[in-house]
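As a plain string of letters, each chain reads:
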Amino acid sequence: MKRLTTYIFCLLIFILPTQAFAVQKVPILIYHSIDEFTGHGMKELYATPKNFEKQMLYLRNHGYTLLTFDRWNDIGNVENPIFITFDDGYKNNLHAITIFKKLQNNHFKPTGTFFVISDFIGRPNRLSKSDLKMMADSGLASIQSHTATHPDLTKIDDLQYELKESKEKIQQITGKPVIALAYPYGSFNQKVIDETKKYYMYGITTISELYSKTGKKDELYLLPRIYIKYTTSMNDFAKIVNGE
Ligand SMILES: [Zn+2]
């Protein structure tokens, strides 16, 4: 009898934390280039269009809901929420839009957040104003800020130009609210957070973990993200989005 009680007790310890007290964990993924790697820049910051499509198909087949930051409060209301983000506003991000269009159906509405550098808009290898407007109007993309010139925000004085001007410029192009900032190089400090709060509702880092609500101070300005790299296999991808 005593052994049975011990057995049940041990069983409960294993079961309770994973079921009754499970904390919802939300993956926020970070990509840069969606393209073949042809020797420019860092290879690990690329995902090939073929791999990206397989990854999005995995999310479709496993009942994930792709959210953008304007739907942050839906985290608790949808099945398997996940955020797909892209930094730096490369022209090749249009491949992601093409793939989103291809995979969308009545049950799967792909959306991604594209963090663009406002002073770089229209440069040869970056998204143009008309690209951004088209993306924002498609319903497949939320265009948000990655500052004006991509500095390390902890090392500059004129935060207002980087935070406020970039927000306003992007809003003017898309006609939609800019409410989220991705810190360049994932670099921030308390001063950066305090300034970000003046103009944005969310600050996005590269702290490598899944998001779970903790209630700690400034948590919406410390949102973590996980890199999907050139070498990320489908097996790795599945583990990341499942929080393993
Ligand atoms: Zn960047």
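Further up the page is the structure itself.
Note that the structure is predicted; figures quoted are calculated from it, not measured.

Caption draft 1: Fine view of the pairing of strand E6 (residues 112-116). Summarising burial for E6: five of the five residues are buried, a large majority. Alternating residues of E6 divide into Gly-112, Phe-114 and Val-116 and Thr-113 and Phe-115, and every residue in both groups is buried. For strand E5 (residues 81-87) and E6, the ladder comprises three bridges, and the chain directions are parallel. By the bridge assignment for E6, Thr-85 is matched with Thr-113. Running through helix H3 (residues 94-103), the crossover from E5 to the neighbouring parallel element E6 is right-handed. Between the parallel pair E6 and strand E7 (residues 141-145), the chain is carried across by helix H4 (residues 129-138), and the sense of this crossover is right-handed.

Caption draft 2: Structural detail: the nonpolar core. Among the nonpolar cores identified, the biggest contains 50 residues, and Tyr-31, Phe-52, Leu-59 and Ile-84 are the most heavily contacted of them. No other element matches H3, which puts five residues into this core. Membership of the second largest hydrophobic core comes to 15 residues, among which are Phe-83, Ile-179, Ile-204 and Tyr-211.

Caption draft 3: Local environment of the pattern of salt bridges. Summed over all chains, the structure comprises eleven salt bridges. A salt bridge links Asp-218 to Lys-217; its shortest N-O distance comes to 3.3 Å. Classification of Asp-218 as buried rests on a relative accessible area of 13%. One continuous salt-bridge network, built from bridges that share partners, spans Lys-133, Asp-137 and Lys-176.

About the cut-offs
- Residues numbered from 1 in each chain as written.
- Predicted model: local features only at pLDDT ≥ 70, side-chain atom pairs only at ≥ 80, totals over all residues.
- Heavy atoms only, no water.
- Buried < 20%, exposed > 50% of the residue type's maximum accessible area, 1.4 Å probe, protein only.
- Helix = DSSP H or I, 4+ residues; strand = E, 2+ residues; numbered from the N terminus.
- Pairing = 2+ DSSP bridges.
- Right-handed = clockwise from strand over helix to strand, strands pointing away.
- Core = buried A, V, L, I, M, F, W, Y, C linked by side-chain atoms within 4.5 Å.
- Salt bridge = Lys/Arg side-chain N within 4 Å of Asp/Glu carboxyl O.

Geometric values such as these leave the question of function open.
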